[in-house]
Amino acid sequence: MNIAYLISVYTDAPQLKRLVEALHPDAQFFIHVDKKSDIRPFTAILHGDNIHYLPNRIHVHWGTITQVDFQIALIQAALAHPQDFDYIFFLSGQDYPLWSVDRINTWLQEQNGKELLSGVCINTPQESFQQQQALYQSFRPDFNFPLIGETWNRKLGILYRKVMHLLNRRKKLTLTIDDEQWQLYKGADYWAISQQLAQHILYTYQKHPEIRRYFSDSFAPSETMIQTIAFNSPQWATKCLLWEGEYPGLAALTPLHFIIYDPIIKIMDESDYDTLINSGKMFTRKLVSGKSDRLVKLLHQDSQK
């Protein structure tokens, strides 16, 4: 299998190194380091012909369009590479595989071209979606006025959201592309897709600037933009993983990862080993150097069996 791993990272260079070393040695790794972070600890300990750091880095604000910007930049970098890929993965630097490379290869070959991208339509009358709908109907622009600093930009964004709420202004849960009404779909940041679907996503995003305009003031667009493009395509929707029924929660919409979100993202350690091994998932997050070291050792030992 020819694999590309797209990885977003902002901290913990040793953990990133452990992640990369646990994956396919012949894969290509495309890495975006948040512009707020010092890139030197990463490049000092992780480098090679298959390690590609994005030169134009983005100052990332969580939950804003800046996350879409680095998603697109990473996809562009992978598609510009001369190698063709069977699957393109999107990971966080704080992930770690629960499966060996051989098991990952075997499982991917068994998928028969399935796109490992989950999504659920947000625009539904079911009561369990009301909280999600409220999030995505609110206007959340990413203000970035250099003179007032990051804290005041964030406060300005909160004020804007409250004013729009008081004025009873709500974002639509649909957008119009080429005179067609698209539904808003939600999934997770982490997925694995074919090179052909990645090309379709990039082409559609670049062809239709109205897509970026819609998501530029949306909540967590990194969890919705790619899903919305894929699931509104007749060609690709049936190849992806559509979730129907009650809202399942973000953990269930993350197709490859075991994650505990409630009440916050849990840092995994050796006490989670049995749960992770029995989860049936390919990856887990989040791992942190100094807190997850024993877990990494146990998982590494498993991969060598």
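Data block above holds the structure.
This report concerns the structure included in the present document. As the structure is a computational prediction, the values presented were derived from the model and not from experiment.

1. Quick notes on the pairing of strand S1 (residues 3-9)
Then step 1. In terms of residue burial, S1 counts as a mostly covered element, since 7 of its 7 residues are buried.
Then step 2. Residues Ile 3, Tyr 5, Ile 7 and Val 9 of S1 are buried on one face, and the alternating residues Ala 4, Leu 6 and Ser 8, pointing to the opposite face, are buried as well.
Then step 3. With 6 bridges joining them, S1 and strand S4 (residues 87-92) adopt parallel strand pairing. What sits directly across from Ile 3, in S4, is Tyr 87.
Then step 4. Sheet topology note: the S1/strand S2 (residues 28-33) ladder contains 6 bridges and is parallel. Residue pairing in the sheet places Leu 6 in a bridge with Phe 30 of S2.
Then step 5. For the segment spanning S1, helix H1 (residues 13-22) and S2, crossover handedness is right-handed.

2. Description of the packing of aromatic side chains
Then step 1. As enumerated under the stated definition, the model contains 14 aromatic pairs in all.
Then step 2. Ring centres 5.6 Å apart and planes at 65 degrees place the aromatic pair Tyr 136 and Phe 219 in the edge-to-face group. One end of the pair, Tyr 136, is in helix H5 (residues 130-137); the other, Phe 219, is in the loop between helix H8 (209-215) and helix H9 (225-231), with 83 residues separating them in the sequence. Across the pair, Phe 219 and Tyr 136 agree in class, each one buried.
Then step 3. Pairing Phe 143 with Tyr 160 gives two aromatic rings, centres 5.8 Å apart and planes at 75 degrees, and the pair type is edge-to-face. Here Tyr 160 lies in helix H6 (residues 149-166) and Phe 143 lies in the loop between H5 and H6, a separation of 17 residues in the sequence.
Then step 4. Over the face of the ring belonging to Tyr 214 we find Lys 171, whose NZ or CZ atom lies 4.0 Å from the ring centre.
Then step 5. One Lys or Arg, Lys 239, reaches over the ring of Trp 236 and ends 4.8 Å from the middle of that ring.

3. Notes on the packing of helix H3 (residues 65-80) against helix H7 (residues 195-207)
Then step 1. H7 packs onto H3 with a crossing angle of 125 degrees between their chain directions and a minimal axis gap of 10 Å. In terms of their interaxial angle, H3 and H7 are classed as oblique. The element H3 and its partner H7 pack so that their crossing is left-handed. On H7, the residues that touch Val 68, Asp 69, Ile 72, Ile 75, Gln 76 and Leu 79 of H3 are Gln 195, Ala 198, Gln 199, Leu 202, Tyr 205 and Gln 206.
Then step 2. Residues belonging to the contact of H3 with H7 are distributed by class as follows: 7 nonpolar, 4 polar and 1 charged.

4. A look at the environment of Arg 213
Then step 1. With respect to the helices, strands and loops of the structure, Arg 213 is situated in helix H8.
Then step 2. Judged by relative accessible area, Arg 213 falls into the exposed class, the value being 55%.
Then step 3. Residues Arg 213 and Ile 65, spaced 148 residues apart in sequence, show a C-alpha to C-alpha distance of 9.5 Å.

5. With respect to the nonpolar core
Then step 1. Grouped together as the largest cluster of nonpolar side chains are 54 residues, with contacts concentrated most on Leu 6, Leu 117, Leu 197, Ile 211, Phe 215 and Met 225.
Then step 2. Tallying contributions element by element places H3 first for this core, with 8 residues.
Then step 3. Listed in part, the 39 residues of the second largest apolar core include Leu 16, Ile 31, Tyr 87 and Trp 99.

6. Concerning the pattern of salt bridges
Then step 1. Overall, the coordinates contain 9 salt bridges when judged by the stated rule.
Then step 2. Where Asp 69 meets Arg 212, a salt bridge forms, and the shortest distance between an N and an O atom there is 2.9 Å. Within this pair, whereas Asp 69 is found in helix H3, its partner Arg 212 is found in helix H8, the two being separated by 143 residues in sequence.
Then step 3. For Arg 212, a relative accessible area of 33% corresponds to the partly exposed category.
Then step 4. Linking Glu 223 and Lys 186 is a salt bridge whose minimum nitrogen-to-oxygen distance equals 2.9 Å.

7. Overview of the sheet that holds strand S12 (residues 257-258)
Then step 1. Reading across from one edge, S5-S13-S12 is the order of the 3 strands in this open sheet, with mixed pairing throughout. Taken across any chain shown, the strands that pair with only one partner, and hence form the sheet edges, are strand S5 (95-97) and S12.

8. Things to note about the side chain of Lys 186
Then step 1. Its location among the elements puts Lys 186 in strand S9 (residues 185-186).
Then step 2. With relative accessibility at 3%, the residue Lys 186 sits in the buried group.
Then step 3. A polar contact is formed between the side chain of Lys 186 and the side chain of Glu 223, at a distance of 2.9 Å.
Then step 4. Every residue in contact with Lys 186, bar those within four places of it in the chain, is listed here: Ser 118, Gly 119, Val 120, Ile 122, Gln 132, Tyr 136, Glu 223, Thr 224, Gln 227, Tyr 247, Leu 250 and Leu 253.

Scoring rules and cut-offs
Residues numbered from 1 in each chain as written. Predicted model: local features only at pLDDT ≥ 70, side-chain atom pairs only at ≥ 80, totals over all residues. Heavy atoms only, no water. Buried < 20%, exposed > 50% of the residue type's maximum accessible area, 1.4 Å probe, protein only. Helix = DSSP H or I, 4+ residues; strand = E, 2+ residues; numbered from the N terminus. Pairing = 2+ DSSP bridges. Right-handed = clockwise from strand over helix to strand, strands pointing away. Phe/Tyr/Trp six-rings, centres within 6.5 Å; stacked < 30°, edge-to-face > 60°. Lys NZ or Arg CZ within 6 Å of the ring centre and 35° of its normal. Axes fitted to C-alpha atoms, helices over the stretch in contact; angles between N-to-C directions. Parallel < 35°, antiparallel > 145°, perpendicular 65-115°, else oblique. Left-handed = near helix turned anticlockwise from the far one by under 90°. Contact = heavy atoms within 4.5 Å. Nonpolar A, V, L, I, M, F, W, Y, C, P; charged D, E, K, R; others polar. Core = buried A, V, L, I, M, F, W, Y, C linked by side-chain atoms within 4.5 Å. Salt bridge = Lys/Arg side-chain N within 4 Å of Asp/Glu carboxyl O. Polar contact = N/O pair within 3.5 Å; in protein donor to acceptor, adjacent residues only side chain to side chain.

From the geometry alone we can't say anything about function, so treat these as descriptive.
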